[in-house]
Amino acid sequence: MLDFFAIFSKGGIVLWCFQGAGVTESFTGPVNALIRSVILQERSGNNSFTHNALSLKYKLDNEFELVFVVGFQKILTLTYVDKFIDDVQLHFRDRYKNELEQRGPLKFLLNNFEFGEDFHNLLREAEDSSKAKAPVSMRTFDMSQKSQKTVKSMIETKDGDKSKEQGGKKSKNAKKEGVSGGDQTKAASQTASKKAVENGSDGLTAEEIIERNRAKFISKQLGGGKPEKTSKSPKPPKPKGKEKRVWDMGGRNTGELDYSGTNGNNSNDAQNQDYEASAEPLIQVDSMKGDLRGVDYESSDDEDEEVEEEERVVVAQTNKKGAKKGGFGGMFGMLKGLVGSKNLTQEDMEPVLDKMRDHLIAKNVAAEIASQLCESVAKKLEGKVMGTFTTVASTVKLALQDSLVQILQPKRRVDILRDVLDARSQRKPFVITFCGVNGVGKSTNLAKISYWLIENGFTVLIAACDTFRAGAVEQLRTHQRRLNSLHPPEKHGGRPAVQLFEKGYGKDAAGIAMEAIAYARNQGFEVVLIDTAGRMQDNAPLMTALAKLIAVNTPDLVLFVGEALVGNEAVDQLVKFNQALADHSKTDKPRLIDGIVLTKFDTIDDKVGAAISMTYITGQPIVFVGTGQTYSDLRSLNARAVVSALMKA
């Protein structure tokens, strides 16, 4: 029933493999897909993986750097696989422990691992233990417990207890006495409970309560008022109100702000427009030729101090546990906590991982992603021998840092400049579509990317496909005018470096994008940037329209624009955007999000967890990072700088 079973080292050397009868396809394809998509991407929190028609289960042996993988058809439900792969791991380790301790690829190649007989014995035992048991026949009435009861034993009395005939029958007088005694006891308990409810916890009689209420009424009539509360807490002082801010050019009264006398004619308006047009070329923006700079982050010594503090806490806790056993126990417990004398277990890492999980959530990483990351680190370190004079906290933190860097580093690099040159050699425009929720900065960052492309010598056509939001076309027209003032047509052979293609409002966005691409091909534009309307991930009609735009025009790059401020919402947005694109696509391989533009990165300080959440969910790289309001505030992602900010206390 198993298609294959493979045991290989993390260096890629296959130690032993098994292939089921009748299986002709090689297992290298599914195993390589598992390595690329799960193990190298630090997604080993879940020990299952699906590749085409196969379901793969795997287990990592961190002590000997081995990987155990079993594959079977995903339509089968094999309940014994998890226990079976654990048994194979233990038997293989025990049998070849001496050979496995000889590290190095040459040692593995020289050794011969004959494991076939043990494997088949373990497989036979696992299949026998999982065979379905024979159906059990239904019990008869005589075999049930209900058949042992009499009708009399199932009759309930007034008190709610079932009368049981044990030791003979009681006399009628005894029954009456028992009933009357029970009634008296019940009445007494009801009276006592009623009195307790009426009097509260004071234990007063009715006459005493009347006297107390009468005294309160008389004191109130005589002007005594409410009795003072002895335990009255003092009121906190009222906070000081916010003072009004006086702006330098704001004026002191309304008369100074009245400009109605000077704005009555059109000549002044024309002069203002001329002044604005003449002032536009004076805009100073930094040059952005070549590749984008990475996001900068200045790390301080606080991070190292935090690591040292964690290590001191771990050592102190270990010392306390050992000191309870005796004087020498504390010293040896401390040394044991420092020296790499044992393999890491789940119990050792659990308190440190809990702290790391809370830290990641506080840094804006989605809660689900933080839990999966910690589980992946735990599986990566479980069974691994600690280094000399290292603590659990430092080992776990270092492994988590490596995992975060691996996640942020893309499995495929998006090089837009190279792709644009490739498209130009084929005499077609390179098309980029921007999508995302409302208010995340799609149009602003589209203008930044336009400026970067113009700086590198490309001509850009902006397609205004946001035909829903009021002012969307005018915003893009303003960006076009300002970009052309920074790069006058004289520098580009008398041709504008950037143009706007728009058809107004209320039109079909997919049709406008198609016309813009055809216009760019005819006019020789090298890049087409398609601006779409912002839409929430739950809005089905707008998500259908976006899927139609992408399916009809097949852009070269689909970028999702998201804020760096969001936490758990980032996961929901990306999952539903991808799901909508997949559901509304008519092809077998739907077009999904190719990359991410992370905006408002300058507003979050060190809470950079949204970058981890977005990259982990989609597996796609962060192509651009917006760090400000000017055209030059565009960066590429520096994975180590982001992780440094994320791990800072």
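Cut-offs applied
Residues numbered from 1 in each chain as written. Predicted model: local features only at pLDDT ≥ 70, side-chain atom pairs only at ≥ 80, totals over all residues. Heavy atoms only, no water. Salt bridge = Lys/Arg side-chain N within 4 Å of Asp/Glu carboxyl O. Helix = DSSP H or I, 4+ residues; strand = E, 2+ residues; numbered from the N terminus. Phe/Tyr/Trp six-rings, centres within 6.5 Å; stacked < 30°, edge-to-face > 60°. Buried < 20%, exposed > 50% of the residue type's maximum accessible area, 1.4 Å probe, protein only. Pairing = 2+ DSSP bridges. Contact = heavy atoms within 4.5 Å. Axes fitted to C-alpha atoms, helices over the stretch in contact; angles between N-to-C directions. pLDDT = per-residue confidence, 0-100. Parallel < 35°, antiparallel > 145°, perpendicular 65-115°, else oblique. Left-handed = near helix turned anticlockwise from the far one by under 90°. Nonpolar A, V, L, I, M, F, W, Y, C, P; charged D, E, K, R; others polar. UniProt positions renumbered as here; feature names shortened; annotations may be inferred.

**Student:** Quick question: what am I supposed to make of the pattern of salt bridges here?
**Tutor:** For the structure on display, the rule yields 20 salt bridges. Here Asp354 makes a salt bridge to Arg357, at a shortest N to O gap of 2.8 Å. You can see Asp354 and its partner Arg357 sitting in helix α11 (residues 346-362), 3 residues apart, about one turn around the helix. Close ionic contact of Arg477 with Glu502 constitutes a salt bridge, the shortest N to O distance being 2.9 Å. In this pair, Arg477 sits in helix α16 (residues 472-486) while Glu502 sits in the loop between β8 (498-501) and α17 (509-523), placing the two residues 25 residues apart along the sequence. A cluster of three or more residues bridged by salt bridges with shared partners is formed by Asp61, Glu63 and Arg93.

**Student:** Explain the packing of aromatic side chains here, please?
**Tutor:** How two aromatic rings sit relative to each other is set out by the distance from centre to centre and by the angle between their planes. All told, the structure shown has 15 aromatic pairs when counted by the stated rule. Each ring, one from Phe68 and one from Phe92, has its centre 6.1 Å from the other, and the planes form 80°; the classification is edge-to-face. Here the residue Phe68 occupies a position in strand β5 (residues 66-73), and Phe92 occupies one in helix α2 (residues 81-95), the gap between them amounting to 24 residues. For the residue pair Phe68 and Phe92, the accessibility class agrees, reading buried in each case. A centroid spacing of 5.1 Å and a plane angle of 70° characterise the contact between Phe560 and Phe577, whose relative ring orientation is edge-to-face. Here Phe560, found in strand β10 (residues 557-563), pairs with Phe577, found in helix α19 (residues 568-583); they are 17 residues apart in sequence, far enough to count as distant. When its relative accessible area of 0% is taken as the criterion, Phe560 is described as buried. A residue is classified by how much of its surface remains accessible, and Phe577, at 0% relative accessible area, is buried. Following the ring pairs from residue to residue traces out a cluster consisting of Phe5, Trp16, Phe18, Phe68, Tyr80, Phe84, Phe92, Phe115 and Phe119.

**Student:** Is there a simple way to explain the sheet that holds strand β7 (residues 460-464) in this structure?
**Tutor:** The pairing of strands in a sheet happens through backbone hydrogen bonds and is either parallel or antiparallel. Taken in spatial order, the 8 strands make up an open sheet running β8-β7-β9-β6-β10-β11-β12-β13, and their pairing is mixed. Single-partner strands in this sheet number two, and they are β8 and β13 (634-635). Note: strand β12 (residues 622-626) against β13, 2 bridges, orientation antiparallel. Bridge assignment links Val625 to a residue of β13, and that residue is Arg635. In the packing of α16 onto the sheet, the strands contacted are β7, β8 and β9 (527-531), and the crossing angle to β8 comes to about 165°.

**Student:** Mind showing me how you'd approach the confidence of the model for the protein chain here?
**Tutor:** As a note on interpretation, predicted positions should not be read in detail where pLDDT is low. For the protein chain, per-residue confidence averages 77 on the pLDDT scale, and residues scoring 70 or more make up 72% of the total. Below a pLDDT of 50 lies the segment residues 299-305, which in the model reaches 7 contacts outside its immediate sequence neighbourhood of four places, other chains included. For the stretch residues 313-339, pLDDT sits under 50, and the model shows 24 contacts to residues farther than four places along the chain or on other chains.

**Student:** Which parts of the structure should I look at to understand the packing of α17 against helix α18 (residues 540-553)?
**Tutor:** Two quantities define a packed helix pair, namely the angle between the helix axes and the distance between the axes. The N-to-C vectors of α17 and α18 enclose an angle of 30°; their axes lie 8 Å apart at closest approach. In terms of axis orientation, α17 runs roughly parallel to α18. Considering the relative orientation of α17 and α18, their crossing is right-handed. Residues Ala509, Ala510, Ala513, Met514 and Ile517 of α17 touch α18, and the partners they reach there are Lys548, Leu549, Val552 and Asn553. Here the contact of α17 with α18 is built from residues that sort into 7 nonpolar, 1 polar and 1 charged.

**Student:** Mind showing me how you'd approach the UniProt feature "domain: SRP54-type proteins GTP-binding" (unreviewed entry) in the protein chain here?
**Tutor:** Mapped onto the present numbering, the UniProt feature "domain: SRP54-type proteins GTP-binding" (unreviewed entry) falls on residues 621-634. Counting secondary structure, residues 621-634 comes out at 0% helix and 43% strand; the distance between its end C-alpha atoms is 16 Å.

**Student:** When you look at the pairing of strand β2 (residues 14-19) in this model, what are you seeing that I'm missing?
**Tutor:** Both faces of the sheet carry side chains from a regular strand, because those side chains alternate between them. For strand β1 (residues 4-9) and β2, the ladder comprises 5 bridges, and the chain directions are antiparallel. Pairing of Ala6 across the sheet is with Cys17, part of β2. In sequence, β1 turns back onto β2 through a hairpin of 4 residues, with Gly12 there showing a positive phi of about 100°.

**Student:** What am I meant to see in helix α20 (residues 609-618) here?
**Tutor:** The α-helix advances 3.6 residues per turn, and as a result positions three or four apart in sequence lie on the same side. In terms of burial, α20 is a largely internal element, 9 of the 10 residues being buried. All of the buried residues in α20 are Gly609, Ala610, Ala611, Ile612, Ser613, Met614, Thr615, Tyr616 and Thr618. Gly619 occupies a position one or two residues after α20 and carries a positive phi of about 75°.

**Student:** How should the sheet that holds strand β3 (residues 48-51) be read in this particular structure?
**Tutor:** Read from one edge of the open sheet, 5 strands run β2-β1-β5-β4-β3, paired in antiparallel fashion. Two strands close off the open sheet at either side, each with one partner strand: β2 and β3. Neighbour-to-neighbour, the strand axes of the sheet open up by a mean angle of 20°, direction not taken into account. Running at roughly 40° to strand β4 (residues 54-61), α2 makes contact with β1, β2, β4 and β5 of the sheet.

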